[in-house]
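Spelled out, the chains give:
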Amino acid sequence: MTQTPGQTAHNLADYRPYPFVLTATRMTFDLQPKATRVRTALSLAPREAGMDLVLDGGKEVELLSLTIDGKAPDPAHVLRRDETLTIAAAALPPHPFLLETDVRIDPSANTAFEGLYISNGMFCTQCEAEGFRHITFYPDRPDVMATFHVTLDSDLPVLLSNGNPVGQSQGRAEWHDPWPKPAYLFALVAGDLVAVSDSFTTRSGRRVALNVWVRPGDQDRAGFAMESLIKSMKWDEDVYGREYDLDVFNIVAVDDFNMGAMENKGLNIFNSKLVLASPETATDTDYERIEAVIAHEYFHNWTGNRITCRDWFQLCLKEGLTVFRDQQFTSDMRSAAVKRIEDVQALRSRQFREDQGPLAHPPRPDQYEEINNFYTATVYEKGAEVIGMLKRLVGDDGYRRALDLYFDRHDGDAATIEDWLKVFEDATGRDLAQFKRWYTDAGTPRLTMAEDWQEAEAGGTLTLAFTQETPPTPGQPEKLPRVIPIAVGLIGPNGDELAPTQVLEMTGASQSFTFDRLGARPVVSALRGFSAPVMLSRQLDDATRAFLLAHDTDPFARWEAGRELALSALTAASQGKAAGGDYVDAIGRLIADGTADPAFRALCLNLPGEEEIATRLSSGGITPDPDAIHAAREALARQIAETHLDLLSDLYDAMAVDGPYRPDASDAARRSLRNAVLALLTRIDGGERAEILFGIAGNMTERMAALTALLRRGRGQAELAALRDQFADNRLVMDKWFAVQPMAAPPAQAAQVARSLSQRKDFDWKNPNRFRALIGGLSANHAGFHAADGSGYDFTADWLLRMDPVNPQIAARMSTAFETWTRYDAGRRAKALAALERIAAAEGLSKNTREMVSRMIA
Ligand code: ZN
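Parameters and conventions
Residues numbered from 1 in each chain as written. Predicted model: local features only at pLDDT ≥ 70, side-chain atom pairs only at ≥ 80, totals over all residues. UniProt positions renumbered as here; feature names shortened; annotations may be inferred. pLDDT = per-residue confidence, 0-100. Contact = placed C-beta atoms within 7 Å. Helix = DSSP H or I, 4+ residues; strand = E, 2+ residues; numbered from the N terminus. Buried ≥ 20, exposed ≤ 12 C-beta atoms within 10 Å, placed from the backbone. Expected span 1.5 Å × (residues − 1).

Labelled according to an unreviewed UniProt entry, the protein appears under the name Aminopeptidase N, originating from Paracoccus benzoatiresistens. Here is the UniProt Sequence similarities (unreviewed entry) comment for the protein, exactly as written: "Belongs to the peptidase M1 family."

In structure tokens, the structure reads:
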């Protein structure tokens, strides 16, 4: 990536080891909201002679004193710049020394929520990626690892940091973390908190104290997080042989948090929406996400903390692997088939979209200006897909051996993608030079498959001819072929599986595979399990797709056949062509099939989203028309509802779940099918069922489904008011309340709905969740955000400009609403560009947002 080599660009090729070794860090915090004192002692040793010591330190860190081995250096040897503090080599001893600093910071002024800040009266930190430099002067880079000894002074009752507690007295707590770690894994929390507590005994018999810390009053919503933690600890022992390594594991829920959660050693800090859940306030989807994110952060203890990244270019080393692990965990806890389909849907809607536009980058980028802009679907989700492909290529045994070797060889290291691939090569004997392109190249390969069938006496021969091509992405106009594992199965005309799944390894730009001695021409089930993150195109008629939807034994491929049918109907209709019949018939047969898993039927019944249809059209070189897409999707939904009205109303009644709410996969599956049916029926019954369900449902899953269905039909005002009255004091429910309105509004009104909500007093926009709810709610309404009059663009730009000086990370992240702007018609493009240029022209725009906007308009 070389598209925006600004002055502040960081390049992978420039990596140099830090010239000093840091062995131990001792810190004392005197926690005061407006003036916190931080005293830090660093045990340093020069690696080579004559090097200046450069420490990172944000502008707002005020240096009060500095000594080396107890003595203040000559001030002429100390240079403070905006973002660094340099001590000249001349002031440093040639042997190990102790550097002590005393600084003052103001957590109360920290609205960016990076470093030490205050959320609802509670002190907390977020240091990944480069937040620690806002706390004190430090070599804030992941390859500098030290043990930490931390003393916290505060009147607040609960004082937490990393590692094990080593002392507690009135107004003071001491923590020691014996595992050397980079500064980004540092954390502290101080507040008036209560814990839900439990314990876990590791397989070697060590007892670990577990706590989930929340604000008083929230305890009864923290139990599910604790259950999820215990399951995660057990799973990582059973599946990866990884045991926990401290005496305590603390999780803290925080209301103001830029991201989802953070894996600080022994002290995970979570966005409260990923901890707190009760049936009345959280949906099934929330429960599933909580379970997955608790697992994700816990799994980082090995993949991220024990083995960390050498530099931030290697971010996917820990994130791709940890996402892959949390996906495996969820498949084991719930339904593997459903999880795989959900993950593919998420990948397509977020990562393929990213790959298609100006923000495309490889899982391992080689240049960035602001690393916080690279916590992306490509680094996380595609990073996980790449590991899935590796596993498919080397097999389960090979994967296990490679991972064991990785943990053995690199425990305690700050590692690279090269190290990661090397363990696979050494453990399996495979050459991964070509495979590495998945890490270094951006873009989604287009894979085409053509079939040729030759009859012969001894049996027919089927030839599958594949070609691959990856479109240009910023800075990468041309790309070489990649290794693509293509899982294929053959199905006989009667629906029986003729050949079980086998993985074809494609390495060339075009390549053929033959199957001979076949009795009759089979139907090919291709890319089973979504064996590679590519866009597959093949000539297939709707009847064959319907056949696969009925007979494929691979659940992903079966779902995909239905998806393709739906997409073919929708893309045709959105270009004004008649279509839909085959899909409507096939879906009727599927929903009537009582033997099929309800979750699977729900996934098939949920039509592709408008965003996905737009991505599909655009990858085929067609300019998507958001209004036509919306209309086509609505028409198809209506057609399904009308055609299958009786079937759907029976199913709606049959899928009702009796008894108390349980968040487990089987009850959630029934609710998801029932809610998908409700969305269709609401188009016919005038909202009658949805209104009843909203009134009687005791759980948020059904209430939100009912409310959404009503809002999409322009109804639901009474339900909105009821929800607000009941939950005005519950931030997480009110976030849903803010999000659903612009999201489900009829497109022509969406921007206006968002604008009037933004004028409410309870639109607490400096809270990242609230901001994301409203601004993200609008951008989730495809035709609303892309309204032809530019109202969606203008509204979003107004708020990005307002947020940027307060919290640049959030502004930059939400700017991705614009990442697809180039694919629309000239009228929309002009309006989107004007909005982006207005942002770019703002005085004092953050480095974060500047990088995003300039990549988008490059
Ligand atoms: Zn992570």
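Asks: Any chance you could explain the confidence of the model for the protein here in plain terms?
Replies: Predicted coordinates in regions of low pLDDT should not be interpreted in detail. On average, the protein scores 97 in pLDDT, and the residues at 70 or more come to 99%. Scored below 50 in pLDDT, residues 1-6 makes 18 contacts in the model with residues more than four places away or belonging to other chains. In the predicted complex, the global pTM is 0.98; the interface-specific ipTM is 0.98.

Asks: Can you help me understand unusual backbone geometry in this one?
Replies: It is generally the case that most residues other than glycine have a negative phi and that most peptide bonds are trans. Cis geometry is found at the peptide bond from Glu128 to Ala129, where omega equals 0°. One non-glycine residue, Asp69, lies in positive phi territory at about 50°. Checked against the element boundaries, Asp69 lands in the loop between strand S5 (62-68) and strand S6 (78-80). Assessed through the 13 C-beta atoms surrounding it within 10 Å, Asp69 is described here as partly exposed. For Phe113, which is not glycine, the phi torsion reads 55° and is therefore positive. Structurally, Phe113 is set in the loop between strand S8 (97-105) and strand S9 (115-119). Residue classification places Phe113 among the buried residues on the basis of 25 C-beta atoms within 10 Å.

Asks: I would appreciate a short explanation of helix H19 (residues 731-744) in the present structure.
Replies: Its 14 residues give H19 an end-to-end C-alpha distance of 20 Å, which sits within 8% of 20 Å, the value for a rise of 1.5 Å per residue. Among the 14 residues in H19, twelve count as buried, and that is most of the element. Turning to H19, its buried residues number three or more, namely Leu732, Met734, Asp735, Lys736, Trp737, Phe738, Ala739, Val740, Gln741, Pro742, Met743 and Ala744.

Asks: Even after reading the chapter, I still don't get the environment of Arg703, so can you show me in this structure?
Replies: By the secondary structure assignment, Arg703 is in helix H17 (residues 700-712). A tally of 24 C-beta atoms within 10 Å means that Arg703 is categorised as buried. Measuring from C-alpha to C-alpha, the distance between Arg703 and Thr281 comes to 9.7 Å, with 422 residues separating the pair along the chain. Setting aside anything within four residues of it in sequence, one finds Arg703 in contact with Phe694 and Ala697.

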